[in-house]
Amino acid sequence: MDFQSTTPAIVRAIRQRDLLNTWLRLYSREKKLPRIEDYEPSRLKEERDDLVYYDVDNAGASPVFIIQSEGTRMSRAYGQVGKGRALHEYIGPRLAALVLPIYELCLSRGRPVYTVDQLQDADGRPVEYERLLMPFGRHREVRQIIGSLKTISVDGSFEIRDLLSRADVVSRPAVRALIDKELFHRAPNRVEDNDLDFQ
């Protein structure tokens, strides 16, 4: 699975950009992984339905991502609640082969990862599934990941129930990005010193 190395500008959704900007502000202070307890985006309550928290268990030969959220919009997309379950067990072997490398990259590199997949709902309407993963921990050890998982459709409404768990679902990757460049937050409309024209 190939990922492009890119900047935060790759993230499309405004609310996901806000979440990422909070991560960037924390990261840029000391150039190390933010602690999850310090992560307090201004719109956290509005985003709760789209957020999934994972603990990382590195005790075995392969990392295990334990779901710590329940009742999210993604629970409806997968058709079941995942709290307390390992991600690979929750999504099953077919999807795990496609999904786990995304989480493993976030873990191994300690950087945000952004993906967009193109799907169709049960009625054939196009849906884009946008996933933003942000790592948290101590120094260079990733202990938690927060995922912002959004589904949108140009057709407006769509059927989210079992969207990601149907046997016939086909996912086409549109974006695979490791956000590892320009890891700082620049406030909008801020004028940089070198942008000023002193004539």
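Bear in mind the structure is a predicted one, so any value in this text is a computation, not a measurement. (Residues numbered from 1 in each chain as written. Predicted model: local features only at pLDDT ≥ 70, side-chain atom pairs only at ≥ 80, totals over all residues. Heavy atoms only, no water.)

1. Points about the overall build of the protein chain
At step 1: Within the protein chain, the secondary structure is distributed over 4 helices and 7 strands.
At step 2: Taken from N to C terminus, the helices and strands of the protein chain fall in the order β-α-α-β-β-α-α-β-β-β-β.
At step 3: Every one of the 199 residues in the protein chain was classed for burial, and the buried ones make up 45%.
At step 4: A separation of at least 24 residues holds for 62% of the contacts in the protein chain among residues at least 6 apart in sequence.
At step 5: When the accessible area of the protein chain is evaluated, it comes to approximately 11000 Å², of which 46% is carbon and sulfur surface. (Helix = DSSP H or I, 4+ residues; strand = E, 2+ residues; numbered from the N terminus. Buried < 20%, exposed > 50% of the residue type's maximum accessible area, 1.4 Å probe, protein only. Contact = heavy atoms within 4.5 Å. Areas by Shrake-Rupley, 256 points an atom, 1.4 Å probe, with all protein chains shown as cover.)

2. A closer look at the sheet that holds strand E1 (residues 4–6)
At step 1: Judged by pairing direction, the sheet is mixed, and its 7 strands sit side by side in the order E1-E7-E4-E5-E6-E2-E3 without closing on themselves. Each edge of the open sheet is held by one strand with a lone partner, namely E1 and strand E3 (64–67). Strand-to-strand twist of the sheet, defined as the mean angle between neighbouring strand axes without regard to direction, takes the value 30°.
At step 2: Of the pairings in the sheet, the one linking strand E2 (residues 51–57) to strand E6 (residues 141–152) comprises 5 bridges and is antiparallel in character. Note on E6: the bridge partner recorded for Val 52 is Gly 147.
At step 3: Lying on the sheet, helix H1 (residues 14–30) is in contact with E2, strand E4 (113–120), strand E5 (126–138), E6 and strand E7 (172–179); it crosses E5 at an angle near 10°. (Pairing = 2+ DSSP bridges. Axes fitted to C-alpha atoms, helices over the stretch in contact; angles between N-to-C directions.)

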